[in-house]
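Chain and residue survey
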Amino acid sequence: MTTLKTPILMLILSAVSAVLQTLIVSFIAYKITGNFDLAVCLLSFFISFIVSFFIIYYLFNQVVFRKIDKLYLLIKEQQPKEIPNTEFQLDEVDSIDRLEEEIKKLTQERNKEADQNRNLDSYRKEFLGNVSHELKTPIFNIQGYVSTLIDGGINDPAINIEYLKRADKSVDRMIQIIDDLETISQLEVGTLELELETYDIAQQIKDILEALEFQANKKSIKLQLAKKYDKSILVKADKFRIRQVLVNLITNSIKYGRETGRTTVALNLFNEQVIIEIKDNGIGIAAKHLPRLFERFYRVDKGRSREQGGTGLGLAIVKHIIEAHGETIDVESSINKGTTIAFTLKRST
Ligand SMILES: Nc1ncnc2c1ncn2[C@@H]1O[C@H](COP(=O)(O)OP(=O)(O)OP(=O)(O)O)[C@@H](O)[C@H]1O
Ligand SMILES: [Mg+2]
């Protein structure tokens with residue numbers, strides 16, 4: 001109905017103008033002839049109506065709709081896809097209503113953008129805060145050890161080597177954080193090129209499980225494959241990056257696993273994809289943390305993670321790597337029962 005508003009308004013204006021003109025003409029005719037002629041009235045009304053309508057239509061077109069068209073173009077520049085570049089057409093759409101609609105849309109969009117910018121800004125501030133906080137700990141540690149050594153500790157054989165070793169460990173920690181941040185930023189700006197190759201993922205997992213066995217043994221955690229996977233399972237992926245993914249996921253299952261627990265890696269084969277599943281029976285993650293789990297620096301239990309030497313960057317890197325491969329990753333977890341993280345890779349022949 002709203003689309004008819006302007007034509008109806010034009011008709012009403014034309015009718016009002018025609019009535020006024022008819023009254024004037026009839027009055028003049030009456031003065032001249034001395035009698036009232038209905039035919040003259042009707043003819044006058046008809047002619048005035050038609051003439052008024054075209055004049056009003058012309059004026060609307062020249063003055064109002066041209067301006068509206070210009071406004072359309074202006075909005076279109078701001079919002080290129082959504083607004084069609086249409087000239088006003090009487091029987092089609094009411095330009096004024098549409099303009100109002102488009103302005104509302106534009107305002108909503110601008111508000112949405114402003115909200116996003118505010119979120120990004122607070123995300124950036126939070127990120128900077130996190131980075132400096134994480135770097136502060138090893139820096140203060142190094143400062144403490146070095147100061148003690150300068151203040152005479154260097155000559156004390158009971159602590160000198162030990163403090164140098166601890167300072168060295170803190171330097172390693174800083175390097176680790178900076179390396180992780182560099183990887184994340186390369187993945188985010190897309191400068192990290194994947195080096196895709198065809199290789200046997202089953203063998204890669206066996207190698208990683210073997211390498212992490214020592215770490216798992218410390219907590220008496222058993223690392224195992226769901227099956228033997230005797231035949232090779234070929235995937236097309238960046239071997240080095242997928243190793244990074246697997247190491248972080250399996251290390252997490254050890255770090256957040258329980259003593260005498262178990263981590264099982266399973267490979268589920270489909271025609272074009274393989275799903276790699278890492279399942280533990282550790283502390284689990286409460287459902288409310290799952291949506292933020294892959295965010296940079298997000299840790300469920302900061303104290304526990306830091307104790308384990310974690311920064312909360314691991315899963316953010318994992319997700320970026322999997323997405324850079326065009327694949328997906330999913331997590332399922334229940335508290336005190338355990339966690340399963342699964343991701344997909346493309347099979348190769
Ligand atoms: N298998 C798991 N079981 C329970 N909690 C987990 C598991 N994997 C990850 N988490 C939780 O998710 C958080 C984020 O994991 P992520 O790998 O990103 O960081 P991190 O292991 O703490 O540190 P980093 O990997 O950077 O050394 C962890 O701090 C931990 O709280
Ligand atoms: Mg981790």
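In this text the structure is predicted, and so the values were computed from the model without any measurement.

**Digging into the overall build of the protein chain**
- On a plain count of helices and strands, the protein chain comes out with 8 helices and 7 strands.
- Its C-alpha atoms give the protein chain a radius of gyration of 37 Å, more than 25% over the compact-globule value 20 Å for 349 residues.
- Each of the three principal axes of the protein chain carries a C-alpha extent, and together these read 130 × 60 × 40 Å.
- When each of the 349 residues of the protein chain is scored for burial, the buried share is 19%.
- A sequence separation of at least 24 residues applies to 68% of the contacts in the protein chain between residues at least 6 apart.

**What about the pairing of strand S3 (residues 234-238)?**
- Of the two faces of S3, only the one carrying Val235 and Ala237 is buried; Leu234, Lys236 and Asp238 on the other face are not.
- Of the strand pairs in this sheet, strand S1 (residues 196-200) and S3 are connected by 5 bridges, and their pairing is antiparallel. Within S3, the position partnered with Tyr199 by the bridge is Val235.

**A closer look at helix H8 (residues 314-324)**
- Within H8, 9 of the 11 residues are buried, which leaves it mostly tucked inside the rest of the structure.
- Of all the residues in H8, the buried ones are Gly314, Leu315, Ala316, Ile317, Val318, Lys319, His320, Ile321 and Ile322.
- Looking at the buried residues of H8, the elements they touch are helix H4 (160-189), helix H6 (239-255), strand S6 (329-334) and strand S7 (338-346).
- Positive backbone phi, approximately 75 degrees, marks Gly326, located one or two places after H8.

**Overview of unusual backbone geometry**
- Positive phi values are uncommon outside glycine, yet Tyr229 reaches one of about 50 degrees.
- With respect to the helices and strands, Tyr229 occurs in the loop between strand S2 (222-225) and S3.
- In this model, Phe297 sits at a positive phi of 70 degrees, which is unusual for a non-glycine residue.
- The residue Phe297 is located in the loop between strand S5 (273-280) and helix H7 (302-307) in this model.

**Side note on the site of ligand 1**
- The environment of ligand 1 is made up of 23 residues, and the closest members are Tyr256, Val300, Gly310, Gly314 and Leu315.
- Elements with a contribution of two residues or more to the shell around ligand 1: H6 and H8.
- The dominant element in the shell around ligand 1, judged by the number of residues it contributes, is H6, at 4 residues.

**Digging into the domain arrangement of the protein chain**
- According to the domain assignment, the protein chain consists of domain 1 (2-93), domain 2 (125-189) and domain 3 (196-346).
- Between domain 2 and domain 3, the residue contacts involve 10 residues of the former and 10 residues of the latter.
- Sorting the residues of the side of domain 2 that touches domain 3 by element identifies helix H3 (95-150) and H4 as the ones contributing at least two each.
- For the side of domain 2 that touches domain 3, the element with the most residues is H4, which contributes 7 residues.
- Split into classes, the residues belonging to the side of domain 2 that touches domain 3 amount to 4 nonpolar, 2 polar and 4 charged.

**Details of the packing of helix H1 (residues 5-33) against helix H2 (residues 38-78)**
- Axis separation between H1 and H2 bottoms out at 7 Å; the angle between their running directions is 140 degrees. Put simply, H1 runs oblique to H2. Considering only the axes of H1 and H2, their crossing is right-handed. Together, Met10, Leu13, Ser14, Ala15, Ser17, Ala18, Gln21, Thr22, Val25, Ser26 and Ala29 of H1 and Val40, Cys41, Ser44, Phe45, Ser48, Phe49, Ser52, Phe53, Ile56, Tyr57 and Phe60 of H2 make up the contact between the two elements.
- Taken together, the residues of the contact of H1 with H2 break down into 14 nonpolar, 8 polar and no charged.

**Brief notes about the sheet that holds S5**
- Here we have 5 strands laid out as an open sheet, ordered S2-S4-S5-S7-S6, and mixed in their pairing. Single-partner strands in this sheet number two, and they are S2 and S6. Mean inter-strand twist for the sheet, computed between neighbouring axes without regard to direction, equals 15 degrees.
- Sheet topology places strand S4 (residues 262-269) next to S5; 7 bridges connect them, and they run antiparallel. When the sheet's bridge partners are listed, Val265 is paired in S5 with Ile278.
- Across the sheet, helix H5 (residues 201-217) is in contact with S2, S4, S5 and S7; its angle to S2 comes to roughly 170 degrees.

**Comments concerning the nonpolar core**
- Core analysis: the biggest nonpolar cluster contains 28 residues, and Ile201, Val245, Leu246, Leu249, Ile250, Val318 and Leu345 have the highest contact counts within it.
- Mapped by element, the contributors of at least two residues to this core are H5, S3, H6, S5, H8 and S7.
- Discounting residues that sit within four places of it in the chain, Val318 has contacts with Val245, Asn248, Leu249 and Ile329.

The rules behind each value
Residues numbered from 1 in each chain as written. Chains lettered and ligands numbered in written order. Predicted model: local features only at pLDDT ≥ 70, side-chain atom pairs only at ≥ 80, totals over all residues. Helix = DSSP H or I, 4+ residues; strand = E, 2+ residues; numbered from the N terminus. Rg over C-alpha atoms; globule rule 2.2 N^0.38 Å. Buried ≥ 20, exposed ≤ 12 C-beta atoms within 10 Å, placed from the backbone. Contact = placed C-beta atoms within 7 Å. Pairing = 2+ DSSP bridges. Near = placed C-beta within 6 Å. Domains from an automatic or database assignment. Nonpolar A, V, L, I, M, F, W, Y, C, P; charged D, E, K, R; others polar. Axes fitted to C-alpha atoms, helices over the stretch in contact; angles between N-to-C directions. Parallel < 35°, antiparallel > 145°, perpendicular 65-115°, else oblique. Left-handed = near helix turned anticlockwise from the far one by under 90°. Core = buried A, V, L, I, M, F, W, Y, C linked by C-beta atoms within 7 Å.

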